[in-house]
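The chain contents come next:
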Amino acid sequence: MVSSWLAAFGRVKPLPSTVHTPSSPSASLKRCLTTFDLLCYGVGCSVGAGVYSLIGIGAEITGPSISVSFLVGGIACIFTSLTYSEFAARVPITGSAYTFVYVTFGELAAWLIGWNLTLGYGISSAGIARSWAAYVTTFLKQFGVIVPPSWVAVDWGLGTPCSAIAAILILVLSVILLAGVHESAKFNAAVTALNIAVLLLVISVGSMEVDLDYWQPFAPEGIHGIMQGAGVIFFSYLGFDMVACLAEEVPDPQKNVPRGIIGSLLISISIYVGVSLVVTGMAPVLVLGTQVPLVNAFDFHGLTWVCHVISYGSMFGLTTAAFTCLMGQPRIFYQMSKDGLLPAPLSTLHATTRVPYWSTIVTGLLVSAIAFFFDLDFLANVISCGTLMVFTFVNAGVLELRYEAAVPGSSVSFPLRNLAFVLAAFFLSLALVFDASLFIVVGATALVVASFAGLCAGVPRTSSAKAAEESESFRCPWVPLVPCLGIVCNIYMMMSLPPTAWVGVAVWMAVGMSVYLCYGMHHSALRRGYAFEQSPLL
């Protein structure tokens, strides 16, 4: 029995583009999202909690150069977004990184990645709801409307204040999601437009109040501080993963999903860098604080009316962030359920709206309970670490997708070469983060270069390339260079995070492993010998 379980751990789903896609339209998600909808979802998921709170948190770590941290994080995401785009085009089903890892590394790795995505989506939305509750009460207080304290933060003897209004937000957003993806897209587009309008106002008005003296010193903690800041704020770019989750609900996903992924990321980078440059140039870092840095920056200049607009806009930004996270999580559950790793009802679709309604209901109830009972601000580093781990797997996965497992004339297979490069990047990151001697840094760099050369010696899957070209699906450029750059950037930022982030991810994955061993492994579709067809794009 143990041997059969171990075999199931490494078994790979061979059929991504047609797996679990019955011919009956009533058994599939509704394809009704446009490229514009995808852009709105991606931007709405990214430009929310990060722009209203993480700027202040990051500035405390790296100073005014937090704008560079956002740029570095964005560039690292560009490498990963290109690999995401290829996967989304060649594996156009829901599930995002969970599905991508499933088709390249097997069931166990996919389960752990899907579990980490739950950390990024479900728990993030609970924390965002808490921030939303704080902003709402602050905004209403400016106009003399006092929200009962028992709604916002009441101590029930649990060691942390409970927030009823945060839980109510999650429940309301879940009801909107149940109305259908097309109706949800309209709501998200409207709220995202209001959020972007407010942030453009911040940039235009704030740029006239910038004082270059506040940028001195620009990077007090040097390169290490910039990279640590990039690691802390990294999960604010989760939006392009959210776009990949919607691949099964988009007509012509081979073209539209890559456009949505890359376009939403570029828009998000521009907004983050622009807002952080302006805000850090308006006031000293100590004035910005960690709760409402944008409001504090304009209040420093006596621009009360802008403070009111920002407080108003922040509610919309946080609403879209919570909404899109809530939308992504049920689709992860939906695909995991179809693979037998979660109970079957979670993959049930509503007859009319084509929404995975049980997944949506369960997600809404769980997240609302978490938002009610727990204040999760301390999990920002843990979420970023888990997200970076997910992205690293996707980058490594596209290498497995492109190259044959066997390398002619060598006893070292391509998967082992792939692993060697990841380990070399890990050692190099350790050496850089902990300021190792020049000799060690040079040695670790040589290992990275040598392992990269080993990847370049791999044999491309020519039949896969031909099929992809014939289908005109998006292909990541400059492979293996782009995925390898993504791996190096992601691992370096992970190593820049505090040890508590790694401990948090380790605990979370241990819980996930327990769930898999107790349920998923015994109900796995692959372990039961589920028959899959072959994908023409792989």
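Residues numbered from 1 in each chain as written. Predicted model: local features only at pLDDT ≥ 70, side-chain atom pairs only at ≥ 80, totals over all residues. Heavy atoms only, no water.

### With respect to the side chain of Asn418
Link 1 in the chain: Along the chain, the position of Asn418 falls in helix α18 (residues 414–433).
Link 2 in the chain: Among the residues examined, Asn418 registers a relative accessible area of 2% and is labelled buried.
Link 3 in the chain: A polar side-chain atom of Asn418 sits 3.0 Å from the main-chain carbonyl oxygen of Ala396.
Link 4 in the chain: If we ignore the near neighbours within four places in the chain, the residues touching Asn418 are Phe105, Ala396, Leu399, Glu400 and Leu455. (Helix = DSSP H or I, 4+ residues; strand = E, 2+ residues; numbered from the N terminus. Buried < 20%, exposed > 50% of the residue type's maximum accessible area, 1.4 Å probe, protein only. Polar contact = N/O pair within 3.5 Å; in protein donor to acceptor, adjacent residues only side chain to side chain. Contact = heavy atoms within 4.5 Å.)

### Looking at the pattern of salt bridges
Link 1 in the chain: Following the criterion strictly, the structure yields four salt bridges and no others.
Link 2 in the chain: A salt bridge links Arg402 to Glu86, with the shortest nitrogen-to-oxygen separation between them at 2.8 Å. You can see Arg402 sitting in helix α17 (residues 380–402) and its partner Glu86 sitting in helix α4 (residues 66–90), a full 316 residues away along the chain. We note that Arg402, like Glu86, is buried.
Link 3 in the chain: The shortest N-O distance in the salt bridge between Glu404 and Arg461 comes to 3.6 Å. Separated by 57 residues along the polypeptide, Glu404 in the loop between α17 and α18 and Arg461 in the loop between α19 (438–456) and α20 (462–471) bring together distant segments of the chain.
Link 4 in the chain: By relative accessible area, which is 31% here, Glu404 ends up partly exposed. (Salt bridge = Lys/Arg side-chain N within 4 Å of Asp/Glu carboxyl O.)

### Thoughts on the packing of aromatic side chains
Link 1 in the chain: Enumeration according to the criterion identifies 21 aromatic pairs in this entry.
Link 2 in the chain: Judged by centre distance (4.9 Å) and plane angle (75°), the rings of Tyr312 and Phe316 are edge-to-face. Of this pair, Tyr312 and Phe316 both sit in helix α15 (residues 304–338), separated by four residues, roughly a single helical turn.
Link 3 in the chain: A relative accessible area of 39% means that Tyr312 is categorised as partly exposed.
Link 4 in the chain: The exposure class of Phe316 is buried, given its relative accessible area of 18%.
Link 5 in the chain: Where Phe426 meets Phe427, the ring centres are 5.9 Å apart and the plane angle is 70°; that geometry is what we call edge-to-face.
Link 6 in the chain: Taking relative accessible area as the criterion, Phe426 reaches 28% and is therefore assigned partly exposed.
Link 7 in the chain: Feature note: the residues Tyr84, Phe87, Phe100, Phe240 and Phe391 constitute an aromatic cluster, connected by ring pairs. (Phe/Tyr/Trp six-rings, centres within 6.5 Å; stacked < 30°, edge-to-face > 60°.)

### Description of empty space enclosed by the protein
Link 1 in the chain: Applying the stated criterion across every chain, the model contains two cavities of 30 Å³ or more.
Link 2 in the chain: Each pocket or cavity is described by its volume, and for the second largest cavity that value is around 30 Å³.
Link 3 in the chain: Along the walls of the second largest cavity sit Leu177, Gly180, Val181, Ser184, Met327, Arg331, Val355 and Thr360, which together make up its complete lining.
Link 4 in the chain: Within the residue set of the lining of the second largest cavity, elements represented by two or more residues are α9 (181–206) and α15. (1 Å grid on protein atoms, 1.4 Å probe; cavity = no way out; pocket = protein on both sides within 12 Å on 5 of 7 lines; lining within 4 Å. Points joined across faces, edges and corners; volume = space filled by probe spheres on them.)

### Quick look at the packing of helix α6 (residues 107–141) against helix α22 (residues 499–523)
Angle between the axes and distance between the axes: these two values describe a pair of packed helices.
Link 1 in the chain: With their axes 10 Å apart at the nearest point, α6 and α22 run at an angle of 125° to one another. Taken as axis vectors, α6 and α22 run oblique relative to one another. In the packing of α6 onto α22, the handedness of the crossing is right-handed. On α22, the residues touching Glu107, Leu108, Trp111, Leu112, Trp115, Asn116, Thr118, Leu119 and Ile123 of α6 are Val505, Trp508, Met509, Val511, Gly512, Met513, Val515 and Tyr516.
Link 2 in the chain: A class-by-class count of the residues in the contact of α6 with α22 yields 13 nonpolar, three polar and one charged. (Axes fitted to C-alpha atoms, helices over the stretch in contact; angles between N-to-C directions. Parallel < 35°, antiparallel > 145°, perpendicular 65-115°, else oblique. Left-handed = near helix turned anticlockwise from the far one by under 90°. Nonpolar A, V, L, I, M, F, W, Y, C, P; charged D, E, K, R; others polar.)

### A look at the environment of Pro498
Link 1 in the chain: Note on placement: Pro498 falls in the loop between α21 (481–496) and α22.
Link 2 in the chain: Judged by its relative accessible area of 23%, Pro498 is partly exposed.
Link 3 in the chain: Between the alpha carbons of Pro498 and Asn381 there is a distance of 7.7 Å; along the sequence they are 117 residues apart.

### A word on the nonpolar core
Link 1 in the chain: Counting residues in each nonpolar core, the largest one holds 158 residues, and the members touching the most others are Tyr41, Tyr84, Val275, Leu294 and Phe298.
Link 2 in the chain: It is α6 that provides the largest number of residues to this core, a total of 19 residues.
Link 3 in the chain: Apart from the residues within four sequence positions on either side, Leu294 is in contact with Val51, Tyr52, Ile55, Leu199, Val202, Val275, Val279 and Ile310. (Core = buried A, V, L, I, M, F, W, Y, C linked by side-chain atoms within 4.5 Å.)

### Observations concerning a nonpolar patch on the surface
Link 1 in the chain: On the surface, Val412, Leu416, Leu419, Leu423 and Phe427 cluster together into a nonpolar patch covering about 440 Å² of accessible area.
Link 2 in the chain: In this structure, Leu423 sits in helix α18.
Link 3 in the chain: Overall, the relative accessible area of 41% leaves Leu423 in the partly exposed class. (Patch = residues over 30% accessible without salt bridge, like charges linked within 9 Å, V, L, I, M, F, W, Y side chains within 5 Å. Areas by Shrake-Rupley, 256 points an atom, 1.4 Å probe, with all protein chains shown as cover.)

### Points about the layout of surface pockets
Link 1 in the chain: Estimated volume of the second largest pocket: approximately 330 Å³.
Link 2 in the chain: Lining the second largest pocket are 17 residues, with Trp115, Thr118, Phe333, Leu366 and Trp508 positioned closest to its centre.
Link 3 in the chain: Per-class residue counts for the lining of the second largest pocket are 13 nonpolar, four polar and no charged.

### With respect to α22
Link 1 in the chain: Helix length check: α22, at 25 residues, gives a terminal C-alpha distance of 35 Å against a target of 36 Å (1.5 Å per residue), a fit within 8%.
Link 2 in the chain: Where α22 bends most, the angle comes to about 50°, and this point is Tyr516.
Link 3 in the chain: Turning to α22, its buried residues number three or more, namely Ala501, Val505, Trp508, Gly512, Tyr516, Gly520 and Met521. (Expected span 1.5 Å × (residues − 1). Bend = angle between axes of the 7 residues up to and from the residue.)

### Concerning the environment of Thr35
Link 1 in the chain: With respect to the helices, strands and loops of the structure, Thr35 is situated in helix α2 (residues 35–46).
Link 2 in the chain: A relative accessible area of 22% means that Thr35 is categorised as partly exposed.
Link 3 in the chain: Here the alpha-carbon distance between Thr35 and Ile261, two residues 226 residues apart in the chain, equals 9.5 Å.
Link 4 in the chain: Once residues lying within four places of it in the same chain are set aside, the contact partners of Thr35 are Asn256, Arg259 and Gly260.

### Some details on unusual backbone geometry
Link 1 in the chain: The peptide bond linking Gln216 to Pro217 adopts the cis configuration, its omega dihedral lying at -10°.
Link 2 in the chain: Turning to its location among the elements, Pro217 is positioned in the loop between α9 and α10 (222–233).
Link 3 in the chain: The omega torsion of the bond from Val479 to Pro480 falls at 15°, within 30 degrees of zero and hence cis.
Link 4 in the chain: With respect to the element layout, Pro480 can be found in the loop between α20 and α21.
Link 5 in the chain: For Ser96, which is not a glycine, the phi torsion comes out positive at approximately 55°.
Link 6 in the chain: As for its position among the elements, Ser96 is in the loop between α4 and α5 (97–105).
Link 7 in the chain: Of note, Asp435 is a non-glycine position whose phi angle comes to about 50°, a positive value.

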